[in-house]
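For reference, the chains in residue letters:
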Amino acid sequence: MQTLHASKCGLSTAQLPSYILDVIDALTKAGFEAYIVGGGVRDLMLGLNPKDFDAVTDATPAQVKEVFGRRCRIIGRRFELAHVYSGRELVEVATFRAPPKKEVTSASGMILRDNNWGTIEQDFARRDFSINAMYYQPRKGIVLDFCHAIDDIKNKTLRLLGDPTLRFEEDPVRMLRTLRFAAKLNFSIAPDILEVFTPEMTQLLRDISPHRLYDESQKLFTMGHLNRVLPMLIDFDIWRQLFADIDPEISTFIERAAINTDQRIQIGKTINPAFFYAVLLWKPFLERCEFYLNKGVVAAEARAQAGLDVLKRQATRTIIPRFAETFIREVWEMQTRLLSPKPQQIQSLSTHARFRAGFDFLLLREKSGDHSTQGMGTWWDSYQLMNTDEKERAISQYNRQRAKSRRKASVDDVVESKSVSVEIEPLVQEVAPRSRRERDRKSRGKPERPVQMVTSGSSEIRADHPILKRKRVTRDLNQVVFGPTQ
Ligand code: ATP
Ligand code: MG
């Protein structure tokens with residue numbers, strides 16, 4: 001173990017927010033050891049802006065609770081921690097951990113329970129990467145470095161503590177963390193990690209709860225280097241583990257969305273991580289819509305059911321919380337509304353709670369070369385910048401164009417005696433539930449075709465399924481509240 005001078009590592013108390021110093025000071029005053037550890041120390045040394053600060057101490061969670069009283073909550077079962085509220089900030093205070101006892105690991109070596117308190121040396125050995133295992137005592141101005149982590153910082157290398165195979169087996173999420181830190185810090189991954197980071201090894205992620213994997217996916221989406229990490233997820237076969245039905249390829253749409261997300265984070269704008277899920281799952285969603293449409297399900301019903309199906313399949317890997325699922329389905333639903341709005345709805349659409357996200361999504365599609373948006377992304381983009389008079393003119397012009405396309409469609413209809421789509425066609429093409437010939441046959445009392453089982457992948461719909469019998473109801477669209485199941 002070497003003790004480094006904090007100042008020589010580029011660290012000083014002036015860089016630290018008062019909330020973390022308060023926590024360290026209160027624990028020290030109560031007679032405990034207390035350090036800042038993890039990403040906070042690492043990022044400060046690298047000249048980055050830390051996302052948060054984690055503290056570690058020899059006080060047990062119960063003792064931490066005694067020190068901070070009502071400001072402290074003990075959380076977690078598998079991994080017990082104290083959450084200390086300092087001002088408006090939250091500091092995670094962990095207790096030094098010893099190696100887990102044998103009986104609390106699974107057959108594959110995964111740690112199931114991890115509340116065995118220990119010494120700082122034991123705690124160090126339990127951490128994942130050398131660069132995440134530096135203990136900074138700001139009041140003493142020292143950094144405890146047990147493994148020459150400072151060299152890894154200088155050489156920009158990600159090195160796991162201990163045997164990489166064992167460390168991945170203990171906690172397969174470390175594979176995701178490897179890619180996250182490599183992308184975020186632009187570090188190279190040590191050769192001994194690369195050697196064992198195989199597709200077989202990534203299979204261990206199947207044992208991780210979809211809730212935890214969702215949290216990890218969010219960290220990947222919001223770290224500010226999503227565009228850099230996406231190809232790595234494919235190269236290391238992590239993609240398949242995280243996203244069940246999404247082809248492992250980065251389309252222009254996905255790439256643009258990733259770049260956009262990173263840029264927003266860089267300039268301090270908020271992002272909704274569910275937006276990127278909406279992007280990733282868009283293609284499977286369209287394919288599923290198509291599947292239902294081909295079975296004669298009406299468009300709105302097809303979209304609603306497709307949304308449910310796609311999110312349900314994804315939940316086998318990462319469980320997206322209900323509110324985020326609703327957001328995703330609303331963004332998808334908005335695509336249809338924005339593509340072919342009724343003129344009288346345009347104004348209210350532009351003030352709808354989901355308009356912004358839906359519009360961003362539409363524009364992203366359009367800029368990625370998706371011609372099915374019919375230029376409506378650009379139309380809405382200009383519309384928002386107009387004053388009231390200009391808006392009115394734009395709406396009337398849109399209305400005239402729409403009527404013209406309809407007239408054209410009906411003329412063509414007569415000429416070609418078949419229906420033609422209007423110029424601004426709906427996102428999901430409507431298909432009549434039954435062909436005219438079939439309906440005629442039924443009215444003439446001829447027997448219907450035998451009931452067929454329709455199969456696609458894992459899902460089946462019988463041809464007499466109620467979803468196929470839903471009639472199209474004409475609704476007063478002014479009364480409709482937009483929602484995912486409309
Ligand atoms: P971030 O910048 O994302 O916060 P971080 O390194 O601080 O990065 P956290 O998830 O906040 O990551 O964890 C804090 C510290 O706890 C880590 O730096 C590491 O020392 C330890 N740690 C977290 N997760 C693991 C894990 N799965 N295995 C071993 N140690 C871990
Ligand atoms: Mg952290």
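Rules and cut-offs
Residues numbered from 1 in each chain as written. Chains lettered and ligands numbered in written order. Predicted model: local features only at pLDDT ≥ 70, side-chain atom pairs only at ≥ 80, totals over all residues. Heavy atoms only, no water. Helix = DSSP H or I, 4+ residues; strand = E, 2+ residues; numbered from the N terminus. Buried < 20%, exposed > 50% of the residue type's maximum accessible area, 1.4 Å probe, protein only. Contact = heavy atoms within 4.5 Å. Areas by Shrake-Rupley, 256 points an atom, 1.4 Å probe, with all protein chains shown as cover. Near = heavy atom within 4 Å. Polar contact = N/O pair within 3.5 Å; in protein donor to acceptor, adjacent residues only side chain to side chain. Core = buried A, V, L, I, M, F, W, Y, C linked by side-chain atoms within 4.5 Å. Domains from an automatic or database assignment. Donors = N, O, S within 2.8 Å, 3.2 Å for Na, K, Ca; no water. Salt bridge = Lys/Arg side-chain N within 4 Å of Asp/Glu carboxyl O. Phe/Tyr/Trp six-rings, centres within 6.5 Å; stacked < 30°, edge-to-face > 60°. Lys NZ or Arg CZ within 6 Å of the ring centre and 35° of its normal. Axes fitted to C-alpha atoms, helices over the stretch in contact; angles between N-to-C directions. Left-handed = near helix turned anticlockwise from the far one by under 90°. Parallel < 35°, antiparallel > 145°, perpendicular 65-115°, else oblique. Nonpolar A, V, L, I, M, F, W, Y, C, P; charged D, E, K, R; others polar. Pairing = 2+ DSSP bridges.

Chemist: Looking at this structure, how should I read the overall build of the protein?
Modeler: If you tally the helices and strands in the protein, you get 22 helices and twelve strands. For the protein, buried positions account for 46% of its 486 residues. Here the analysis covers contacts within the protein between residues at least 6 apart in sequence; of these, 66% occur between residues at least 24 apart. About 25,100 Å² of surface is accessible on the protein, with carbon and sulfur atoms providing 49% of the total.

Chemist: Sorry, what's going on with the site of ligand 1 here?
Modeler: Around ligand 1 there are 17 residues in total, and R42, R127, D171, R174 and R180 lie nearest to it. K51 places a side-chain nitrogen or oxygen 3.0 Å from an oxygen atom of ligand 1. Residue R177 places a side-chain N or O atom 3.0 Å away from an oxygen atom belonging to ligand 1. For ligand 1, the accessible surface in isolation is 590 Å², of which the surrounding protein chains cover 85%. Of all the secondary structure elements, the ones that give two or more residues to the shell around ligand 1 are α2 (39-45) and α7 (173-185).

Chemist: I would appreciate a short explanation of the nonpolar core in the present structure.
Modeler: Soluble, globular proteins show a tendency: their nonpolar side chains are buried together. Ranked by internal contacts, the top residues of the largest apolar core, which has 118 residues, are Y135, I238 and F276. No other element matches the eight residues that α7 contributes to this core. Looking at which domains feed residues into this core, each of domain 1 (2-162) and domain 2 (209-408) gives three or more. Counting residues in hydrophobic clusters, the runner-up holds 14 residues, among them L338, L339, L363 and M376.

Chemist: Just to check I follow, could you spell out the coordination of the magnesium ion (ligand 2) for this structure?
Modeler: Ideal coordination angles are 109.5 degrees for a metal with four donors arranged tetrahedrally and 90 or 180 degrees for a metal with six donors arranged octahedrally. The coordination sphere of the magnesium ion (ligand 2), as far as protein atoms go, consists of D52 (OD) and D54 (OD), spread over 2.6 to 2.7 Å. For D52, a relative accessible area of 31% corresponds to the partly exposed category.

Chemist: Explanation requested: the pattern of salt bridges in the structure shown.
Modeler: Where side chains of opposite charge bring their charged atoms close, a pairing between them can arise. Applying the stated rule across the entire model yields 23 salt bridges. For R174, the salt bridge identified is with E170, shortest N-O distance 2.8 Å. The class of R174 is buried, set by a relative accessible area of 6%. The partner of R212 in a salt bridge is D171, with the nearest N and O atoms 3.0 Å apart. Note that R212 is positioned in helix α10 (residues 210-222) and D171 in the loop between α6 (164-170) and α7, a separation of 41 residues in sequence. Assessed through its relative accessible area of 26%, R212 is described here as partly exposed. Connected through salt bridges with shared partners, the residues D247, E249, K283 and E287 form a single ionic network.

Chemist: Sorry if this is basic, but what is going on with the packing of aromatic side chains here?
Modeler: To describe a pair of aromatic rings, you give the distance between the ring centres and the angle between the ring planes. Within this structure, the stated rule accounts for 24 aromatic pairs. Seen in terms of ring centroids, W239 and F243 are 5.1 Å apart; in terms of plane orientation they differ by 80 degrees. Their pairing is edge-to-face. By the burial criterion, W239 is buried, and F243 matches it. Between W379 and W380, the aromatic rings sit 5.3 Å apart at their centres with planes inclined by 85 degrees, giving edge-to-face as the arrangement. By relative accessible area, which is 0% here, W380 ends up buried. Three or more aromatic residues joined by ring pairs form one cluster here, namely Y214, F221, W239, F243, F276 and Y277. Just above the ring of Y383 sits the side chain of K391; from NZ or CZ to the centre is 5.1 Å.

Chemist: In this structure, what is going on with the side chain of T157? I would like to understand it.
Modeler: Within the secondary structure, T157 sits in strand β9 (residues 157-158). A distance of 3.2 Å separates the side chain of T157 from the backbone oxygen of N155, its partner in a polar contact. Residue contacts for T157: discarding those within four places in its chain leaves I131, D152, F187, S188 and A190.

Chemist: Honestly, the packing of helix α16 (residues 299-314) against helix α17 (residues 322-339) in this entry has me stumped. Any pointers?
Modeler: Each pair of packed helices gets described by two things: the angle between the helix axes and the distance between those axes. The contact between α16 and α17 brings their axes to 11 Å, and the two run at 145 degrees. Every pair of crossing elements has a handedness; the one defined by α16 and α17 is right-handed. Only E325, I328, R329, W332, E333 and T336 of α17 make contact with α16, whose side of the interface consists of R303, A304, G307, L308, V310 and L311.

Chemist: I keep staring at the packing of helix α14 (residues 273-280) against helix α19 (residues 355-367) and nothing clicks. Help me out?
Modeler: Following both chains from N to C, one finds α14 and α19 inclined at 40 degrees, their axes separated by 11 Å at the closest point. The orientation of α14 relative to α19 falls into the category oblique. In this structure, the crossing between α14 and α19 has a hand that is right-handed. Here F275, A278 and V279 of α14 come into contact with α19, specifically with A357, D360, F361 and L364. Partitioning the contact of α14 with α19 into residue classes produces six nonpolar, no polar and one charged.

Chemist: Is there a simple way to think about the environment of L166 in this case?
Modeler: With respect to the helices and strands, the residue L166 is situated in helix α6. Along the backbone, L166 and V196 are 30 residues apart, and their C-alpha atoms lie at a distance of 10.0 Å.

Chemist: Would you mind going over the pairing of strand β3 (residues 54-57) with me for this structure?
Modeler: For a regular strand, side chains alternate in direction, first toward one face of the sheet and then toward the other. One ladder, built from four bridges, connects strand β2 (residues 34-37) with β3; its direction is antiparallel. Residue pairing for β3: A34 is matched across the bridge by T57. Pairing analysis gives four bridges linking β3 to strand β6 (residues 89-95), with the strands arranged parallel. Bridge pairing links A55 to V93 in β6.

Chemist: How should I be thinking about the environment of G118 in this particular structure?
Modeler: Summarising the element assignment, G118 is placed in the loop between β6 and α4 (120-126). According to the relative accessible area criterion, G118 is partly exposed, its value standing at 27%. The spatial distance from the C-alpha of G118 to the C-alpha of D58 is 7.9 Å, given a sequence separation of 60 residues. When near neighbours in sequence (up to four residues on either side) are disregarded, G118 contacts F96, R97 and A98.

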